[in-house]
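Here is how the chains run, residue by residue.
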Amino acid sequence: MLYGWTGKRLRVDLSTGSVKVEEIDGTYREKWLGGRGFNSALLYREVGPDVEPLAPENKLIFGVGPLTGTFAPSSGRTTVTAKSPMGSPPGFGDSNMGGHWGPELKYAGYDQLVIQGKAAHPVYLWIEDGRVEIRDARHIWGKLVPEADAIIKEELGNADIHVAVIGPAGENLVRFACILNDVYRAAGRSGMGAVMGSKNLKAVAVRGTGAVSIARPDEFYSICAGIRERLRKDLMVQMLYDQGTWLLTMPANYEQGWFCWRNFQKGNHPDARLLSGENHRDNYLAHREGCFACPISCGRFSRIPGGRYAGETTGGPEYETLTAIGPRVGLLDPEAVIHNNKLVNELGMDSCSCGGAIAWAMECWEKGLLSGEDTGGLALNWGDQELVDKLIKMIARREGFGNILAEGSYRAAEHFGRGQDYTMTIKGHDMSQDDPRGLGFAFGIGFATGRRGGDHLQGLPCLELTGAFYPGLVKKILGTDEAEDRLSPVKKPEMERYQEDLKAVGDSLTQCTFTHSWSFAVQPEDMARLLSAAAGIDCDAEELLKTGGRIVHLERAYWNRLLVGRLEDKNPKRFTREPMPDGPNKGTVFPEDELIPRYYEVRGWDGETGFPLPEVLKDYDLGDIADELEIYRKKYLDKIKMSQS
Amino acid sequence: MIHKTLLVDPAKCTGCRTCEMACSLRHEAKCSPLLSRTRVIKFEAKGLNFPTVCAHCSKPHCMTACTQGAIRVDEETGAVVINEALCSGCRACLTACPHGQVGFHPEKRVAFKCDLCGGDPNCARQCPTGAIKYSGVDQFLMARRRALLARSIEA
Ligand code: SF4
Ligand code: SF4
């Protein structure tokens, strides 16, 4: 009997209609853990460098882990992985979602779901334990996310199923379309919704009546209960419960200067408190929402009590969204922000990239790089809520100027041949609303080198943000408490590496990052104890972190195989060349030229190319890809030479 | 004898279903909502969550419906409990309970329900928000009344 994992992979080919169940054996399980690890390993092996992201050959992979659907705190997350249509070149893509969909897949009996091919017409997938059905979705195509969710529950006659669905944006192949489950929990980043849309797949509905077997139930219960007790007493957890991630607005703006104002032109605004956690809690919070088995409940459910959007309700927003379609486009009105959040969710788009594309266009308008001729007569003024509302809808439906923004800011700039300096992208993928000139230098390393372009969730190195709330922790891990200082370069490559490996473990088990980074109540030792007791194996923290490192290296190799390396590991110029103009970090730039080479060294990556060295790959038990990567490294050296000539 | 019982406050519930996991792990050594005695009803689109628990009725409908004498009241805790050995699996109690609080065990083929964990229910102990409380009825009501009045005093 198998504990923790189900050991099964469900593979559905939409071109042929074939459904297969495959074994995931013990060696594979221990090598890749689950969730993100399982997915990245499969993507590397099965989706090679030549596959087009929106072609039937791309694979859309949903993965859960050995702790998913158990009593382990905050363990219900799901990773969705595919080659991403966002990057330039299109490269690695994944996104992690909360909600209750992942546990349901587990109860249905699967650790992983792989969807390949393309259906002849719109369909949805209905998984009920061992029974898998590909059903007609032509009548649901075009529906908003909440409508689609309701119709599917209605026609399957079961309100307790969990549905992962795309909105019109995914159907229209908006490059940054997302997938949502339980209506408001998004796998937002890197365009997984577009990949789903390209397969003519509207939704995946799941119902599972099984159980996750636990090897040592008494021990597992007491480990979980102990961690839950610690989480309950944790200050960071209490704050997240109270204000959600909205709590970041005040410190980000008034103390730390990384509040994303107008496409990162600066890092603060005198009126930012309009978007404070207190203001949201006291005036707009209808309800707090918890993902599966989560004692933190950072999730919000908002209601607008009056004004032009009176009575509107929506799940969220959280900090990244509220800043993406708020201050990033020049808006500080909480009602506009909540309304825009509702729009992007229901249409099924990543708020960060959507806000990023609009903000880029607004800055180009301000600088005179775009005119009414380019925009179809629209004037793109900062903070014009009517315009933002309109653009969000035009992007999702690919209408007029929205059709160009639907390609993401990087490709929009290419289209016009203008404004490249104002695309806040890395490897072609829009930044989340996080500015390393204030947020911190370990974050900056993660942005430049991360597996899916500009994104704070490579390592979420909160050791430099909240680490100081845990006396002695930073010193214990990095040997010095100087690294507690966000804007000190000391030990930042080491910090980022540690946090990346840890996060890869969390994403694979699966356990929410906020339990082990932001709040540090859960330590790697705890994760090892949880896994050991659940799965009946014997693993320790060191092994787990090594596994995390293996996953990070494989994802890196995925990019390398696309001839992406040192040349592309770059923050947007604004972060490295434009000193922060004012506020608490006035004058700061991100010291990329100093920190990235040091990070390579710490990682064991070749300084010239940024490729993992063969001996390092072997050390991570990745010797089987070393030879292949060496071929690509030689090609990449040619690319470097070309770029110099 | 004043018994404590399970009392819920849906306004506090975040819908995390920790209660379901604690219950099924404790009673069945497995994690599964279907094996949990307490269940949470979710309305995702509206952001509403309702924990549902057995009321341990004074005149239990489930007990009345049982023709096998398999259901009795535990004197110490006041819990309405099922004796699996006597249960014939006829499901009469499932349909009799007005709150839908009796489940049917998929493997054992008998009815199962909340037994208050012998007097220290895991759902209430592990609920992170206090949405499920194990409390004396009077204590629960007085706390409610006090909270209500405190609000109007502040206002
Ligand atoms: S199962 Fe139903 S009828 Fe029986 S005691 Fe509980 S609530 Fe009452
Ligand atoms: S544990 Fe508490 S908050 Fe979570 S679902 Fe159950 S009753 Fe609601």
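Quick caveat, the model's predicted, so the values are computed rather than measured.

Each helix and strand counted, chain A has 27 helices and 18 strands in total. In terms of overall size, chain A behaves like a compact globule, its C-alpha atoms giving a radius of gyration of 23 Å where 645 residues would be expected to give roughly 26 Å. Its C-alpha atoms give chain A principal-axis dimensions of about 65 × 55 × 55 Å. A buried classification covers 68% of the 645 residues belonging to chain A. Residue pairs in contact within chain A that sit at least 24 positions apart in sequence constitute 69% of those at least 6 positions apart. Accessible area of chain A: about 19800 Å², with a carbon and sulfur share of 49%. The centroid of the 76 positive side-chain charges in chain A is displaced by 1 Å from the centroid of its 90 negative side-chain charges.

What follows deals with helix H7 (residues 217–233) of chain A. One turn of an α-helix holds 3.6 residues; hence residues three or four places apart share an orientation. With 17 residues, H7(A) should cover 24 Å at 1.5 Å per step; its first-to-last C-alpha distance of 24 Å lies within 8% of that length. Among all positions in H7(A), only Pro217(A), Phe220(A), Tyr221(A), Ile223(A), Cys224(A), Ala225(A), Ile227(A), Arg228(A) and Leu231(A) are buried. Elements that come into contact with the buried residues of H7(A) comprise helix H8 (235–243) and helix H22 (524–535) of chain A together with helix H1 (18–28) and helix H4 (122–126) of chain B.

So, about the layout of surface pockets. Computed from the structure, the largest pocket encloses a volume of approximately 530 Å³. In terms of lining, the largest pocket is formed by 19 residues, of which the most central are Tyr410(A), Thr425(A), Leu567(A), Lys570(A) and Asn571(A). Of all the secondary structure elements, the ones that give two or more residues to the lining of the largest pocket are strand S17 (425–426), helix H24 (573–577) and helix H25 (592–603) of chain A. Looking at which element gives the most residues to the lining of the largest pocket, the answer is H24(A), with three residues. Residue composition of the lining of the largest pocket, grouped by class: four nonpolar, seven polar and eight charged. Of the voids in this model, the second largest pocket is the one considered here, and its volume is about 450 Å³. Forming the walls of the second largest pocket are 23 residues, and the residues nearest its centre are Arg207(A), Leu34(B), Ser36(B), Arg39(B) and Ile41(B).

A separate point is the site of ligand 1. Residues in contact with ligand 1 amount to 14 residues; listed here are only the nearest, Cys54(B), Cys57(B), Cys62(B), Cys97(B) and Lys113(B). Here the residues of the shell around ligand 1 sort into nine nonpolar, four polar and one charged.

What follows deals with the pattern of salt bridges. Residue and element names in this part refer to chain A. The final tally for this structure, using the stated rule, is 68 salt bridges over all chains. Between Asp 282 and Arg 281 there is a salt bridge; the shortest N-O distance is 2.9 Å. On the basis of relative accessibility, which here comes to 26%, the residue Arg 281 falls in the partly exposed class. A salt bridge links Glu 500 to Arg 603; the nearest nitrogen and oxygen atoms lie 2.7 Å apart. Taken as a pair, Glu 500 in helix H20 (residues 492–509) and Arg 603 in helix H25 lie far apart in primary sequence, 103 residues in all. For the residue pair Glu 500 and Arg 603, the accessibility class agrees, reading buried in each case. Taken together, the shared-partner salt bridges connect Arg 9, Arg 11, Lys 20, Glu 22, Arg 45, Glu 46 and Lys 59 into one network.

Turning to the site of ligand 2, a few remarks are in order. In the region of ligand 2, 14 residues are neighbours, and Cys13(B), Cys16(B), Arg17(B), Cys19(B) and Cys127(B) sit closest. Counted by class, the shell around ligand 2 contains nine nonpolar, four polar and one charged residues.

So, on to the sheet that holds strand S14 (residues 285–289) of chain A. Either a parallel or an antiparallel arrangement is found when strands of a sheet pair, and the pairing is made through backbone hydrogen bonds. Residue and element names in this part refer to chain A. The three strands are arranged S14-S15-S16 in an open sheet whose pairing can be described as antiparallel. Each edge of the open sheet carries a strand with a single partner, namely S14 and strand S16 (313–315). Along the sheet, successive strands turn relative to each other by an average axial angle of 15 degrees, direction set aside. As judged from the four bridges shared by S14 and strand S15 (residues 299–303), these two strands associate in the antiparallel manner. When the sheet's bridge partners are listed, Arg 288 is paired in S15 with Arg 300. Running over the sheet, H8 touches S14 and S15 and is turned about 20 degrees from S15. In the packing of helix H12 (residues 334–347) onto the sheet, the strands contacted are S15 and S16, and the crossing angle to S16 comes to about 65 degrees.

Conventions adopted
- Residues numbered from 1 in each chain as written.
- Chains lettered and ligands numbered in written order.
- Predicted model: local features only at pLDDT ≥ 70, side-chain atom pairs only at ≥ 80, totals over all residues.
- Heavy atoms only, no water.
- Helix = DSSP H or I, 4+ residues; strand = E, 2+ residues; numbered from the N terminus.
- Rg over C-alpha atoms; globule rule 2.2 N^0.38 Å.
- Buried < 20%, exposed > 50% of the residue type's maximum accessible area, 1.4 Å probe, protein only.
- Contact = heavy atoms within 4.5 Å.
- Areas by Shrake-Rupley, 256 points an atom, 1.4 Å probe, with all protein chains shown as cover.
- Lys, Arg positive; Asp, Glu negative; His and termini not counted.
- Charge placed at Lys NZ, Arg CZ, Asp CG, Glu CD.
- Expected span 1.5 Å × (residues − 1).
- 1 Å grid on protein atoms, 1.4 Å probe; cavity = no way out; pocket = protein on both sides within 12 Å on 5 of 7 lines; lining within 4 Å.
- Points joined across faces, edges and corners; volume = space filled by probe spheres on them.
- Nonpolar A, V, L, I, M, F, W, Y, C, P; charged D, E, K, R; others polar.
- Near = heavy atom within 4 Å.
- Salt bridge = Lys/Arg side-chain N within 4 Å of Asp/Glu carboxyl O.
- Pairing = 2+ DSSP bridges.
- Axes fitted to C-alpha atoms, helices over the stretch in contact; angles between N-to-C directions.

Everything listed is a geometric property; what it means functionally is a separate question.
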